[in-house]
Amino acid sequence: MINIAIIGLGNIGYRHFQSLTNHKKKINFYLIDNNYSKISLLKKKINKSIHNYQFYTNVENLKLKFYLVIIATNSNSRLPITKKLITTNNIKYIIYEKIVSSKVNDYKKIISLVNKKKIKAFVNFPRREYDLFNYIKNKIYKNSNLLLYINYKKINLASNLIHYLDLFQFFKKTKNLKLIYQKLDKRIYKSKRTDFIEFKGKIAFSNNFNDYIFIDEHKKNLDFFLIKIDSNIFVIFEDQNIYIEIDLTKGTIIKKKYKNYLQSELTLKYLQKLISNKKIKLTKLEEALFTHKPLINTFNNHLKLISNNRKLSIT
């Protein structure tokens, strides 16, 4: 029987939990949130099962051996939680939600802490597990010309841009992601999460292979995500689970459905892969710094221009 902790019992934390309860073997769940109302709500949702459940409002009293810890809190608490956890517990795997931290230095401290304890840590970018994006990745070679164009009416750049930067990194791994264009709105938007902020506008990055990713948050009605690889074009409609594949060389156009996985379907797959020693496709914590760092620096620089007193707080 394995011990699994989920820290942060909001929507995404609950989806992780929901998925893992489908595991056929008994799990000792340690469910942690400093907001007791979330614990109470989760208790009401739990049906009788083979698993054991224990609830805590902090991580300080835990002294256990954990197979897996999922940290689904807001980004500001990730460093102190990591420090407390690894001091008194033996942990094999950690999965962090994005944004890992709003501060690059704090992110580096987290990496240092988990490396010292030889913990294998990942960041939850679920698109890496999608069949469609793995199919597209197999069509990309080192010398392929790659373009990603994300055209959405409402993307919430502070929260969601990192997902597409990670996909760009997944297609072609690089340590040199750089900003080449930005036209962000000269105002700060409220996030749906208290005490956090959002940005809107247009932004583009490139890598050292001269590939490009351009995000255009617009006011039109048509939302789509385009990936161009040499003479192959994929137009993806994520809200409809449909993509169109165009081969300019062959002159073919194919329209297909694809599976857009819910987090409540994916987390169990992560666990099963880890237990069976299969390769998990989630981004390693150290690799994810290569997308977090240019994004955080870009937002920090923009924030200084429009609000000198405001600190970057994104999650």
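The preceding data block contains the structure.
Residues numbered from 1 in each chain as written. Predicted model: local features only at pLDDT ≥ 70, side-chain atom pairs only at ≥ 80, totals over all residues. Heavy atoms only, no water.

Quick word on a nonpolar patch on the surface
Part 1 of the reasoning: Taken together, the side chains of Leu147, Ile180, Tyr181 and Tyr212 present a nonpolar region at the surface, about 330 Å² in accessible area.
Part 2 of the reasoning: Examined against the element boundaries, Tyr181 turns out to sit in strand S8 (residues 178-184). (Patch = residues over 30% accessible without salt bridge, like charges linked within 9 Å, V, L, I, M, F, W, Y side chains within 5 Å. Areas by Shrake-Rupley, 256 points an atom, 1.4 Å probe, with all protein chains shown as cover. Salt bridge = Lys/Arg side-chain N within 4 Å of Asp/Glu carboxyl O. Helix = DSSP H or I, 4+ residues; strand = E, 2+ residues; numbered from the N terminus.)

Points about the packing of aromatic side chains
In this description, an aromatic ring pair is defined by two values, namely the gap between the centres and the angle between the planes.
Part 1 of the reasoning: For the structure shown, the criterion picks out 20 aromatic pairs.
Part 2 of the reasoning: Here the aromatic rings of Tyr30 and Phe66 are separated by 5.4 Å at their centres, their planes lie at 90 degrees, and the arrangement is edge-to-face. With Tyr30 in strand S2 (residues 27-32) and Phe66 in strand S4 (residues 65-71), the pair connects residues that are 36 residues apart, well separated along the chain.
Part 3 of the reasoning: Among the aromatic side chains, those forming a connected cluster through ring pairs are Tyr130, Phe133, Tyr152, Tyr164, Phe225 and Tyr261.
Part 4 of the reasoning: The aromatic ring of Tyr189 is capped on one face by Lys200, whose charged end is 5.2 Å from the ring centroid. (Phe/Tyr/Trp six-rings, centres within 6.5 Å; stacked < 30°, edge-to-face > 60°. Lys NZ or Arg CZ within 6 Å of the ring centre and 35° of its normal.)

Focus on unusual backbone geometry
Part 1 of the reasoning: The peptide bond linking Lys98 to Ile99 adopts the cis configuration, its omega dihedral lying at -20 degrees.
Part 2 of the reasoning: Tracing the backbone through its elements, the reader meets Ile99 in the loop between strand S5 (90-96) and helix H4 (104-116).
Part 3 of the reasoning: At Asp230, a position not held by glycine, the phi torsion is positive, near 55 degrees.
Part 4 of the reasoning: With respect to the helices and strands, Asp230 occurs in the loop between strand S13 (224-229) and strand S14 (232-237).
Part 5 of the reasoning: Positive phi is not limited to glycine here, since Asn241 has a value of about 55 degrees.
Part 6 of the reasoning: With respect to the element layout, Asn241 can be found in the loop between S14 and strand S15 (242-247).

So, the sheet that holds S13
Part 1 of the reasoning: Strands sit in the order S8-S11-S12-S7-S13-S14-S15-S16 across an open sheet of eight strands; the sheet is mixed. With one partner strand each, in any of the chains shown, S8 and strand S16 (252-257) form the two edges of the open sheet. Between one strand axis and the next, the sheet turns by 10 degrees as a mean value, whatever way the strands run.
Part 2 of the reasoning: Note: S15 against S16, six bridges, orientation antiparallel. Each bridged residue has a counterpart across the sheet, and for Ile246 the counterpart in S16 is Ile253.
Part 3 of the reasoning: Sheet strands touched by helix H8 (residues 285-306): S8 and strand S11 (201-206). Its angle to S8, the strand with the most contacts, is close to 40 degrees. (Pairing = 2+ DSSP bridges. Axes fitted to C-alpha atoms, helices over the stretch in contact; angles between N-to-C directions. Contact = heavy atoms within 4.5 Å.)

By themselves, these are just geometric observations and shouldn't be taken as functional.
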